[in-house]
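Here are the chains, one letter per residue:
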Amino acid sequence: MMLGERRGRASHPREEHLLPLHAMAGGAGEDTGRQAFQDRVLGSLQSAFMFGG
């Protein structure tokens, strides 16, 4: 759930919904990554990030 996002619980109703994010963050290690994509989809801001090259 994003900090400050009031609708976060509706987007992520159970904790296991966020497990892929935790796995990706752990696998990135010390790499801060970079934003590869950002756009609005049906009024919702969507982003993608790349790590490791």
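Please read all numbers here as calculations on a predicted model, not as lab measurements.

Tallying secondary structure elements over the protein gives 2 helices and 2 strands in all. Counting from the amino terminus, the protein carries its helices and strands in the arrangement α-α-β-β. The burial tally for the protein puts 6% of its 53 residues in the buried class. A total of about 4900 Å² of accessible surface is found on the protein, and carbon and sulfur atoms cover 57% of it.

The next subject is the pairing of strand S2 (residues 44-50). When a strand is regular, its side chains alternate between the sheet's two faces. Bridge count for strand S1 (residues 34-41) against S2 is 7 bridges, and the pairing is antiparallel. Counted as the bridge partner of glutamine 35 is phenylalanine 49 from S2. Taking the residues between adjacent antiparallel strands as the criterion, S1 and S2 are bridged by 2 residues, where leucine 42 takes a positive phi near 50°.

About the cut-offs
- Residues numbered from 1 in each chain as written.
- Predicted model: local features only at pLDDT ≥ 70, side-chain atom pairs only at ≥ 80, totals over all residues.
- Heavy atoms only, no water.
- Helix = DSSP H or I, 4+ residues; strand = E, 2+ residues; numbered from the N terminus.
- Buried < 20%, exposed > 50% of the residue type's maximum accessible area, 1.4 Å probe, protein only.
- Areas by Shrake-Rupley, 256 points an atom, 1.4 Å probe, with all protein chains shown as cover.
- Pairing = 2+ DSSP bridges.

On their own, these measurements won't tell you what the molecule is for.
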